[in-house]
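Residue-level structure breakdown
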Amino acid sequence: MAGSGGVAAPILVVMRFCVSVLGVVALTGSARADDEVEPPPVEIHGFVSQGLLKSTDNNFLADSERGSFEFSEFGINFSRALTEQLRVGMQLFARDLGPVGNYSAKIDWAYLDYRYRDWLGFRAGRIKLPFGLYNEISDIDAAHPFALLPQSVYPTNNRDFLLAQTGVELYGFKRFEESGALEYRLYGGTIFLDTSATPMTGPFVLQRLSIPYVVGGRIAYETPLEGLRVAASVQRLRLETDFLDNRDPMMPGKMLSADIPATLTTFSAEYNHEDIWFAAEYSRWYTDVETDDPLFEQPQSVSVRGYAFAAYRVRPWLMPGAYYAVMYPQLDGRDKQSGKQHDAAGTVRLDINSNWILKLELHHMRGTAGLSTNLNPGETLDTLDNRWLLFVAKTTVFF
Amino acid sequence: MRVLVVIALLLVQPAYADEASFVVIVNPKNPATKLDKKTVADGFLKKRTRWGDDKAMQPIDQKRSASVRAEFSKRILDRSVASVRTYWNQIVFSGRGVPPPEADSDEAVITYVANNAGAIGYVASTAKLDGVKVISVK
C-alpha cells in the first residue's frame, strides 16, 4: 500500500528527475562577475551516507551481529524563493536500513512556505514534524554529532511514523529585547504510511496501518543566557490497524482491528554556545488500545524515554561526544530486560573537509527493548543477550 | 608516536591564527545607525527577515575560510564557523530555509550591500568602503 506521501518509484527515475532539474538550473543560472554575488535561482543541497553496523550480540536495525552495510541514505533537495515571502521546496530521500527502505525513493518533504512576518508564517505540504529538539534532523548526519541520535527519543526504525506529516503548519519567531525569544510551531495533518516497506511476519500480519490525523506543536524559549533554550513538544495522533491473525495454522486467518490513540510529550533543554553542545530531553508517550478483541485489550500504557548528551568541537574538524539514553517502552514492565534499553554511547565526528564527515561510535547496551524479533528469529526479547556492544561507522558527503 | 605528536600539534595550534577586526555595513538608504548584537545575529541566522521599516533584510556572508568570518561568527553569532554550518545544515535539510549567499571577498560584499537596499554584511575594517554605510553594533 503506497501512500501519496511515498512515491514508490525506482531510484533511477528519481535520479533522472534530479539530473533534469540540475540541467534546468544550470541553464537558468546567470553568469556573474567575480565581485558580484547572485543567489542561485534554485538552491540545491544533498547528501549521501554509508554506514556500518556491527554488534557483539543481537541484531539491531540490520544483521549487525554479522556486520552490515545495509545502512545507507541519499537525499537531494531543491528550493526556490518565488517572492520575498513565498518559498517552495522539496526533498527526495531513499535509504536502506536492514530490511526497510531498500532504496525506494520518497518525497521526504515538499512544501510551500509563506512567511507573512517573522512572528507568523504558514507552511502547507509534507512537512517534517517538530517533535523534540532534533526529530526533523534525526537522519541528517551533517546536522548533529552522532551517527545514531539517542534511539530512545528518536528511533530510526520509526522514521516513517514520526518524521513528517502531510498538512499545514503555523510557525513564528518573536524576540523580546533582553528577555529572550520564543519560537513556536503548530501543525495538523495526516501521516501516510507505506506498510509494504515494513516487513512483518509471525502470528499477526499487518494488513492496514493508517494515521488519519496528527496534531501537535512545539514551543521553544531562547533564554537570555546565550545558547540556552528550553522547549516543550506535544503530539496527538491516532493509529488505525488491521491484523491478520494466523496463530492457528489449521484455520484461515481472522481479521482483527485495533485503534491506538497516542499522545507524545517531550521536554527539552539545550545549551549550544561557541563549541559546546549539551542537550537533555525527557519524553512520555501515552497510548491506549481500542479494540473489540479481548486479546488486545489493555489499560493505557506509558512509555518513558530520555537522554542527555554532550559534545565539544575541539577543533573545526574534530568533535567528540557522548550520551546516555534510556527507554522503557512500558513503565510497568521495566523490571524485565525486554522492558528497558540503556544506551551509553561515545562518538567521534571527523570533518575531513567541509563536505565530508566520518563518524565512529561505540554503544554499550543494556536491555533488549529496542530490538526486533523479526531481526532475531527464534528468540524472544527476554532470551536475547542483555548486555551487548554496538559499533557504528558512518561517512557522509553533503553539499 | 610520530602520529600522536602531529595530532597533539594540531590540537594545540590556535584555531584562527590570522584574526582580523571587522565592521558591519548596510546600504546608505538604510535609516538604521546602530543595531544591537542580537538583531544582527538573528538577521544572519534568518530568524529575523525584516528591518524596522518592514523592508526585507538581505544578509551576505563571507566565504567559510575568511578570517573575518571566523571573527564575526565568534563575536556576533557566539559560535564557530563550523557550528554555524551545523546550524544551517539543520535548517537546509529539514526544509526550513537556506543560508545567506557567500561572497568571495570584501569587495564582493561591499558591491552587494551597495546594490541592495536591504543588505547587511561585514568586511575587514581595513577594507575600502565605497557606497556603503558602517553601522555600530552594541
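Rules and cut-offs
- Residues numbered from 1 in each chain as written.
- Chains lettered and ligands numbered in written order.
- Predicted model: local features only at pLDDT ≥ 70, side-chain atom pairs only at ≥ 80, totals over all residues.
- Heavy atoms only, no water.
- Contact = heavy atoms within 4.5 Å.
- Salt bridge = Lys/Arg side-chain N within 4 Å of Asp/Glu carboxyl O.
- Polar contact = N/O pair within 3.5 Å; in protein donor to acceptor, adjacent residues only side chain to side chain.
- Helix = DSSP H or I, 4+ residues; strand = E, 2+ residues; numbered from the N terminus.
- Nonpolar A, V, L, I, M, F, W, Y, C, P; charged D, E, K, R; others polar.
- Buried < 20%, exposed > 50% of the residue type's maximum accessible area, 1.4 Å probe, protein only.
- Axes fitted to C-alpha atoms, helices over the stretch in contact; angles between N-to-C directions.
- Parallel < 35°, antiparallel > 145°, perpendicular 65-115°, else oblique.
- Phe/Tyr/Trp six-rings, centres within 6.5 Å; stacked < 30°, edge-to-face > 60°.
- Lys NZ or Arg CZ within 6 Å of the ring centre and 35° of its normal.
- Core = buried A, V, L, I, M, F, W, Y, C linked by side-chain atoms within 4.5 Å.
- Pairing = 2+ DSSP bridges.

Structural notes on the interface of chain B and chain A
Contact residues are listed per partner, giving 41 residues for chain B and 50 residues for chain A. Notably, a salt bridge pairs lysine 47 of chain B with glutamate 222 of chain A, separated by 2.6 Å at the nearest N-O pair. Applying the counting criterion to the chain B and chain A interface returns 16 residue pairs in polar contact (both at pLDDT 80 or more). Of all the secondary-structure elements, those providing two or more residues to the side of chain B that touches chain A are helix H1 (2-12), helix H2 (37-44), helix H4 (81-93), strand S5 (102-103) and helix H5 (106-115) of chain B. Looking at the side of chain B that touches chain A element by element, the count peaks at eight residues for H4 of chain B. Tallied by class, the residues present in the side of chain B that touches chain A amount to 16 nonpolar, 10 polar and 15 charged.

Comments concerning the environment of lysine 74 of chain B
When you line up the elements, lysine 74 of chain B lands in helix H3 (residues 67-77). Each C-alpha atom of the pair lysine 74 of chain B and proline 28 of chain B lies 26 Å from the other, and the pair is 46 residues apart in sequence.

Some remarks on the side chain of serine 83 of chain B
Residue placement: serine 83 of chain B occurs in helix H4. Serine 83 of chain B gets classed as buried once you look at its relative accessible area, which sits at 8%. With sequence-adjacent residues up to four places away left out, serine 83 of chain B is seen in contact with Asn272, Glu274, Asp275 and Arg313 of chain A.

Some thoughts on the environment of tyrosine 307 of chain A
All names here are of chain A. Here tyrosine 307 lies in strand S12 (residues 301-312). In contact with tyrosine 307, not counting residues within four places along its chain, are Tyr134, Pro150, Ser152, Val153, Tyr154, Ala279, Ala280, Glu281, Tyr324 and Ala325. At 2.6 Å, the side chain of tyrosine 307 forms a polar contact with the side chain of glutamate 281.

Concerning the packing of H2 of chain B against H3 of chain B
Residues and elements named next belong to chain B. Following both chains from N to C, one finds H2 and H3 inclined at 125 degrees, their axes separated by 9 Å at the closest point. In terms of orientation, H2 and H3 fall into the oblique class. For the pair formed by H2 and H3, the contact residues are Lys37, Val40, Ala41 and Phe44 on the first element and Phe72, Arg75, Ile76 and Leu77 on the second.

Thoughts on the environment of serine 268 of chain A
Residue and element names in this part refer to chain A. Within the secondary structure, serine 268 is located in strand S10 (residues 254-273). For the pair serine 268 and valine 230, spaced 38 residues apart in the sequence, the C-alpha separation amounts to 5.5 Å. If near-sequence neighbours (up to four positions away) are discounted, serine 268 is found in contact with Gly132, Leu133, Arg229, Val230, Ala231, Ala280 and Glu281.

Here we look at the packing of aromatic side chains
All names here are of chain A. Per the stated rule, a full pass over the model turns up 20 aromatic pairs over all chains. With 5.4 Å between their ring centres and 40 degrees between their planes, tryptophan 109 and tyrosine 111 make a pair best called tilted. Here the two residues tryptophan 109 and tyrosine 111 agree in accessibility, since each one is buried. With a centroid separation of 5.0 Å and 70 degrees between ring planes, the pair formed by phenylalanine 146 and phenylalanine 309 is classed as edge-to-face. Residue phenylalanine 146 is found in the loop between strand S5 (120-128) and helix H2 (159-162), and its partner phenylalanine 309 is found in strand S12; the two are separated by 163 residues along the sequence. Taken as a pair, phenylalanine 146 and phenylalanine 309 share a single burial class, namely buried. Across from the ring centre of tyrosine 171, 3.9 Å away, lies the NZ or CZ of arginine 123, which sits over that ring.

Some thoughts on H2 of chain B
Residue and element names in this part refer to chain B. Burial analysis of H2 places six of its eight residues in the buried class, the great majority of the element. Every buried residue belonging to H2 is among Thr39, Val40, Ala41, Asp42, Gly43 and Phe44, and all of these are buried. Near the N-terminus of H2, the side chain that reaches the backbone nitrogen of lysine 38, with its oxygen 3.1 Å away, is that of aspartate 36. Positive backbone phi, at 60 degrees, marks lysine 46, one or two positions downstream of H2.

A look at unusual backbone geometry
Residue and element names in this part refer to chain A. You will see that tyrosine 103, though not glycine, has its phi angle at about 60 degrees, which is positive. Considering the arrangement of structural elements, one finds tyrosine 103 in the loop between strand S3 (86-97) and strand S4 (106-117). Using a relative accessible area of 33% as the deciding quantity, one classes tyrosine 103 as partly exposed.

A word on the nonpolar core
Formed by 42 residues in total, the largest nonpolar core has its most connected members in Leu53, Phe60, Tyr134, Leu148, Tyr307, Phe309 and Leu390 of chain A. Counting residues per element, this core draws most heavily on strand S16 (residues 387-398) of chain A, at four residues. Not counting residues up to four positions away in its chain, the partners in contact with phenylalanine 309 of chain A are Tyr134, Phe146, Trp277, Phe278, Ala279, Ala322 and Tyr323 of chain A. Grouped together as the second largest cluster of nonpolar side chains are 23 residues, Leu45, Val68, Ile76 and Trp88 of chain B included.

Topic: H3 of chain B
Residue and element names in this part refer to chain B. Across the 11 residues of H3, eight count as buried, placing the element largely inside the fold. Every buried residue belonging to H3 is among Val68, Arg69, Ala70, Glu71, Phe72, Ser73, Ile76 and Leu77, and all of these are buried. Where H3 terminates, the next one or two residues include aspartate 78, which has phi positive at roughly 60 degrees.

Remarks on the pairing of strand S14 (residues 341-353) of chain A
All names here are of chain A. Bridge count for strand S13 (residues 318-328) against S14 is 10 bridges, and the pairing is antiparallel. Its bridge partner lying in S14, alanine 322 is registered against glycine 346. Relative to strand S15 (residues 356-366), S14 runs antiparallel, the two sharing 11 bridges. Looking at S15, one finds that valine 348 is bridged to leucine 360. A loop of two residues connects S14 with S15, the two strands running antiparallel in sequence.

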